[in-house]
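# Observations on the model geometry
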Amino acid sequence: MKRWLLLLLPLGFVGIALFFYQGLGRDPTARDSALMARAFPAFEAVTLEDANRRVDETLLRGEVTLVNVWGEWCPACKQEMPQLLELADHGIRMVGVNYRDRREKGRAFLDEYGDPFELNIFDPEGSLGFDLGVYGAPETFLVDADGVIRYHHKGYIAPSDVQARILPEVEKWR
Amino acid sequence: MAIEIIPEVGHFALMMALVMAIIQAVVPLAGVATRRSLWMAYGAPMAAGQFVFLALAYLCLSASYLLDDFSVANVANNSNSLLPWYYKASAVWGNHEGSVLLWSLMLAGWGFAASAFSTSLPRDMVARVQSVMAMVSAGFLLFILLTSNPFERLLPNVPADGADLNPLLQDFGLVVHPPMLYMGYVGFSVVFAFAIAALMGGRLDAAWTRWARPWANVAWAFLTVGIALGSWWAYYELGWGGWWFWDPVENASLLPWLTGTALLHSLAVTEKRGSFKSWTVLLAISTFSLSLMGTFLVRSGVLTSVHAFANDPSRGFFILVLLGVTVTLSLLLFALRAPRVSHRVGFGWLSRDSLLLVNNLLLVIMTVTVLLGTLYPLILDSLNLGKISVGPPYFNALFVPLTVLLCAFMGLGPSARWKRMGARELTTKLWLAGAGALVIGVLAPLLYAGQWNLWVSLGLVAALWIVLPLVRDVIDKCRHAGSLGRGLARLSPAYWGMVLGHLGLAVTLVGVTVVSNYNVERNVRMAPDVTVEVAGYQFTMRELTSRRGPNFLADTSLIEVRRGGDGRTFMMHPEKRLYLATGMPMTQVALRPGLFRDLYVAMGEDLGGGSYAMRIQYKPFVRWLWLGALLMAAGAVLAVIDKRYRRVATRRGAATRRVTP
Amino acid sequence: MALMRLLALLVGLLVNVASLAAIEVRSFDDPVLERRYADLTASMRCPLCENQAIDDSNAPIAADMRQRVFELLQEGQSDSEIVDHMVTRFGEYILYNPRLENRTYLLWGVPIALVVLATLLVILLVRARRHASSQALSDQERERLAALLNRKRSS
């Protein structure tokens, strides 16, 4: 056998090792939402605030909106509330999805931790959450003026994420 | 006073072991280069010293666990004062730091054994082997001391109690599974060291393979048992009744097993016939490299798995460097020193040589398939091509046909002769076995289930095609010897090892086939005095109560099971536990094991009104999976006691003594 | 047989063991639907868990997905419709059996290519080695010689 062919063996391994090296820095659980660049799913629901007010996906047309999926049972949602309030202070339109929650608990949560939302879509069965591909609250979606999902933040929004990630994305799609 | 410094003693012992490893890595090799036998002789005492100090370090960590020294971070994070003593002792390797320490201890143990049993080998060979072993060992000791020190203290804020051992790990299977698996992984380092030593010395003759073969067999036996225990543990502990999930961590243990199996066979060819020389060396390098890669995959967090350790990129980076250096250097050495063209040893189409060639190629294809499926998501992600998952459907789709193909050749192998053999002779020998396998395999599902099933038939034909030719071969061999008793006695342990190994695979295959196709699973609602029937057994809940264990609360139920045929009854009690320290709920499965079927009852959610969801499973032949693995391991060990290895050792010993006064 | 029974007992020493299974009681009128439900839930990965199929996981999202699979089956949707339904929401990531497309050609192609290559390799190697030794003898003579040599060696 030609000796240079054998040299392909260590080279091939170095190739695999490079992939390993790249993989080291990455979070294997991080991945984009399947809904990226697609229209916000159609839905019909009432709001958390008013059991008689019906809303649907047209709610999210006309203005860039941050849709935050939260629940009273979710500890990280409490911790990210100050950041959401800060985002609301920047004049961003915020809509909440009260996910798999009970009405009175959800309302008590907003009374206690603050309410940055224009309104909250009440989703006690998690059906809108399911259509959004939510698999653990909190999750945040940026929806542009045409109702298309442009950015997805999985999990807790850290204080540093506000300036570093969320605000630039909002500016980009405004 | 003396007790308080135990962790520091352990830490110190680790450093001593590292120093000795470095001396052992450098001095004997320098001795070989400069032809100084005194330098070469440094290897054996250093190997022994390393083992002693690592054993001391390991005992120190165990002592910290048993004495509940929560000032040691490792103990505080993984133990609890309420834990029974045996789980305290096994908690040592239930975490990253402790398990690397165990790994290093075993490496030192294998290194010590390799140098103790090799006194009759040529000195330069032994010196090189010891050096290579010590290089690997030094790498791991550095890894422990720099990134994963198990003796780190939590001073001055010592917690009052520990965080507890993960309840999943509080179990007998997990007490024995990791040590067995590590023994296998690490054991291949000896074969690796022999291969590298042979490459360095330029002596790639059949001799090194004869020296390496017993080590390969023993390491392979440990790995086989380790994998089987892991599968058994997953079967009952993870509670889904599954026994293989194609999880990256499982795959990581399967990879060296596959190349290790190829290695065992290729070593046989090289020893007996002098061919496949480079190939054998490459397999020895690959097997240990894959063991190392498994360690990397499990501990670096690059892949998601149910079994992975809590990950840390800096550790991952260190192991990657260790892996990269070891594998690249050994492959480079191989590329530069592998024999250019071995003298051509001729063999024909139907010879044991060509059948073993096919066996090796198939096993390598299986290895590449598993490797590809395991790493493909990682590679795509690195190239920003998105996230995908590769799971059981992919692996099964490729593994089933490859295994059937492998079995087709396996049936021929033991009956074929080295070099060449006429097709007619082989046909005469095997037509009956083949016809028997076909008839029994095709009819069995009809008789067993009353309905024909392609997959069952395929699996059974393959298994029988392994077993029946072996039976025929044993009978043939005895016929030549005159009486049956004398014939059986004359067969060598190596031969019996082969028979047992192949038989083991057939047994596992039957288990896989039957349990995959005839498994019955029912999720039912049960309340006191409700009866359900599953696979001919009647399950009646008799009692539903609560109890308190040492570190958990449990809802427990008593199920009476009545067998349909003879009306025999027995009790099973599944449980649902809440572990107090972690607040983790766990389902305690009730298992009724049997050689031909397991009954499996797991308790689920409280459905309200005094009723519970229960999962009842009937798993025919599931024990055969692990029984087969035990047979395979027993076969590998049996082959080691063959006279051949001892005789050669003493003859060589005599020769060396004569040469060196 | 006695030995096997002993080994089996050893393997089955522990009668009670722990687990984390998700257990739901669902009733199917049609065994085919039940089979399809089992296959579908076994081949979809739980998006939240480490590495578990949705039929094995007790994560809330896995329970939701099982429920949705169950409902879609009852509505009479086909397997591929159900898979598409899930993929539009959770992405290709949830498929344990990756679809054949540009980026997965190699995943399926390499093993098949290796089988072909290995077949060629065996043919070439054995042909080369067959002619490597004693050309002078005919096949029959060679076989007889081999048989003799082997008999001599084994006795």
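Residues numbered from 1 in each chain as written. Chains lettered and ligands numbered in written order. Predicted model: local features only at pLDDT ≥ 70, side-chain atom pairs only at ≥ 80, totals over all residues.

An unreviewed UniProt entry lists chain A under the name DsbE family thiol:disulfide interchange protein, with Vreelandella malpeensis as the source organism. Among the UniProt annotations of chain A, the heading Sequence similarities (unreviewed entry) holds the following wording: "Belongs to the thioredoxin family. DsbE subfamily." According to the UniProt record, the Subcellular location (unreviewed entry) comment for chain A reads "Cell inner membrane". (UniProt positions renumbered as here; feature names shortened; annotations may be inferred.)

### Here's the deal with the overall build of chain A
For chain A, the count of helices and strands is six helices and seven strands. Reading chain A from its N terminus to its C terminus gives the helix and strand order α-α-β-β-β-α-β-α-β-α-β-β-α. At 21 Å, chain A has a C-alpha radius of gyration far larger than the 16 Å of a compact globule built from 174 residues. Counting only C-alpha atoms, chain A reaches 80 × 30 × 30 Å along its principal axes. Here chain A holds 174 residues, and 37% of them are scored as buried. In chain A, once contacts between residues fewer than 6 apart in sequence are set aside, the share between residues at least 24 apart is 74%. (Helix = DSSP H or I, 4+ residues; strand = E, 2+ residues; numbered from the N terminus. Rg over C-alpha atoms; globule rule 2.2 N^0.38 Å. Buried ≥ 20, exposed ≤ 12 C-beta atoms within 10 Å, placed from the backbone. Contact = placed C-beta atoms within 7 Å.)

### Topic: the overall build of chain B
Scanning chain B from terminus to terminus reveals 20 helices and nine strands. Its C-alpha radius of gyration of 27 Å places chain B within 12% of the 26 Å reference for a compact globule of 661 residues. In chain B, which comprises 661 residues, the share counted as buried stands at 55%. Relative to all contacts within chain B whose residues are 6 or more apart in sequence, the contacts with residues 24 or more apart total 73%.

### Describing the nonpolar core
Judged by nonpolar contacts, the single largest core of 234 residues is most densely connected at A17, V191, F194 and A195 of chain B. Here this core takes 20 residues from helix α9 (residues 206–237) of chain B, the largest share from any one element. Once residues within four sequence positions are removed from consideration, F194 of chain B is found in contact with V129, W208, W211 and A212 of chain B. F141 and Y151 of chain A together with M86 and F90 of chain C belong to the second largest nonpolar core, which has 51 residues in total. (Core = buried A, V, L, I, M, F, W, Y, C linked by C-beta atoms within 7 Å.)

### Let's talk about the packing of helix α2 (residues 31–42) of chain C against helix α3 (residues 60–74) of chain C
Residues and elements named next belong to chain C. At their nearest, the axes of α2 and α3 sit 10 Å apart, and the two run at 145° to each other. Judged by the sense of rotation from one axis to the other, the crossing of α2 with α3 is right-handed. Across from L33, R36, Y37, L40 and T41 in α2, the residues of α3 making contact are R66, V69, F70 and L73. (Axes fitted to C-alpha atoms, helices over the stretch in contact; angles between N-to-C directions. Left-handed = near helix turned anticlockwise from the far one by under 90°.)

### A closer look at unusual backbone geometry
Between A137 of chain A and the following residue, P138 of chain A, the backbone shows a cis peptide bond with an omega angle of -5°. Note on placement: P138 of chain A falls in the loop between α5 (127–131) and β6 (139–143). In this chain, L155 of chain B is followed by P156 of chain B through a cis amide linkage whose omega measures 0°. Phi at D68 of chain B is positive, roughly 55°, even though this residue is not glycine. Structurally, D68 of chain B is set in the loop between α3 (43–66) and α4 (73–78). Its 18 C-beta neighbours within 10 Å are what place D68 of chain B among the partly exposed residues. Backbone geometry places N384 of chain B, a non-glycine residue, at a positive phi of 55°. Relative to the helices and strands, N384 of chain B is located in the loop between α13 (352–382) and α14 (392–412).

### Overview of the sheet that holds strand β7 (residues 149–154) of chain A
Through backbone hydrogen bonds, the strands of a sheet pair up, either in parallel or in antiparallel fashion. Residue and element names in this part refer to chain A. Strand order in the open sheet formed by five strands is β5-β4-β3-β6-β7, with mixed pairing between adjacent strands. Among the strands making up the open sheet, the edge pair consists of β5 (119–123) and β7. The sheet shows a mean angle of 20° between the axes of neighbouring strands, direction not considered. Contacts between helix α6 (residues 159–173) and the sheet are confined to β6 and β7, with β7 contributing the most and set at about 175° to the helix. (Pairing = 2+ DSSP bridges.)

### With respect to the packing of α14 of chain B against helix α16 (residues 454–480) of chain B
Residue and element names in this part refer to chain B. Two elements in contact, α14 and α16, have axes whose closest approach is 8 Å; the angle formed by their N-to-C orientations is 20°. As far as their axial angle goes, α16 and α14 are roughly parallel. Between α14 and α16 the crossing geometry is left-handed. Side by side, α14 and α16 meet where V404, C407, A408, M410 and G411 of the first sit next to L458, A462, W465, I466 and P469 of the second. Grouping the amino acids of the contact of α14 with α16 by side-chain chemistry returns nine nonpolar, one polar and no charged. (Parallel < 35°, antiparallel > 145°, perpendicular 65-115°, else oblique. Nonpolar A, V, L, I, M, F, W, Y, C, P; charged D, E, K, R; others polar.)

### Looking at the domain arrangement of chain B
Residue and element names in this part refer to chain B. Segmenting chain B into domains produces domain 1 (1–170), domain 2 (206–324 + 333–421), domain 3 (429–517 + 624–661) and domain 4 (520–621). Put simply, the middle of domain 1 and the middle of domain 2, counted by C-alpha atoms, are 27 Å apart. Elements supplying a minimum of two residues to the side of domain 1 that touches domain 2: α6 (96–116) and α7 (123–147). Taken together, the residues of the side of domain 1 that touches domain 2 break down into five nonpolar, four polar and no charged. (Domains from an automatic or database assignment.)

### Regarding helix α11 (residues 277–300) of chain B
The α-helix winds at 3.6 residues per turn, so residues separated by three or four positions along the chain end up facing the same way. All names here are of chain B. Across its 24 residues, α11 extends 34 Å between first and last C-alpha, which sits within 8% of the 34 Å expected from 1.5 Å per residue. Counting buried residues in α11 gives 24 out of 24 residues, a clear majority hidden from the surface. Looking at the residues trailing α11, positive phi occurs at G301, about 75°. (Expected span 1.5 Å × (residues − 1).)

### Structural notes on α6 of chain B
Helix length check: α6 of chain B, at 21 residues, gives a terminal C-alpha distance of 30 Å against a target of 30 Å (1.5 Å per residue), a fit within 8%. Among the 21 residues that make up α6 of chain B, 18 are buried, leaving the element largely enclosed by the rest of the structure.

### Some thoughts on the pairing of strand β6 (residues 575–579) of chain B
Residues and elements named next belong to chain B. With four of five residues buried, β6 is to be regarded as a mostly interior element. When strand β4 (residues 552–563) meets β6, the two strands line up antiparallel, connected through five bridges. Directly across from L553, in β6, lies its bridge partner L578. Relative to strand β7 (residues 585–592), β6 is paired through four bridges, and the arrangement is antiparallel. For E575, the partnering residue across the bridge sits in β7 and is Q588. As consecutive antiparallel partners, β6 and β7 are separated by five residues, and within that stretch G583 has a phi angle of approximately 70°, a positive value.

### Some remarks on the pairing of strand β8 (residues 597–608) of chain B
Residue and element names in this part refer to chain B. As paired strands, β7 and β8 are joined by three bridges and run antiparallel to one another. The residue bridging L591 from the neighbouring strand is Y600, located in β8. Connecting β8 to the next strand, strand β9 (residues 611–620), in antiparallel fashion are two residues, including G609 with a positive phi near 65°.

### Details of the environment of G497 of chain B
All names here are of chain B. When you line up the elements, G497 lands in helix α18 (residues 493–518). Along the sequence, G497 and W243 sit 254 residues apart, while their C-alpha atoms lie 26 Å from each other. Setting aside residues no more than four positions away along its own chain, G497 makes contact with G635, A636, L638 and A639.

### Digging into the confidence of the model for chain B
Taken over all residues, the pLDDT of chain B has a mean of 88, while the share at 70 or more is 95%. In the model, residues 647–661 of chain B has pLDDT below 50 throughout and makes eight contacts with residues more than four positions away in sequence or in other chains. (pLDDT = per-residue confidence, 0-100.)

### What to know about the environment of R89 of chain C
Tracing the backbone shows R89 of chain C in helix α4 (residues 79–90). Separated by 42 residues in sequence, R89 of chain C and P47 of chain C place their C-alpha atoms 11 Å apart. With residues near it in sequence (within four places) discarded, R89 of chain C still touches A34, F130, D131 and G133 of chain A.

### A word on the environment of V148 of chain A
Residue and element names in this part refer to chain A. The topology assignment puts V148 in the loop between β6 and β7. We classify V148 as partly exposed; it has 16 C-beta atoms within 10 Å. The contacts of V148, once residues within four sequence positions are left out, are A37, R38, A39 and V143.

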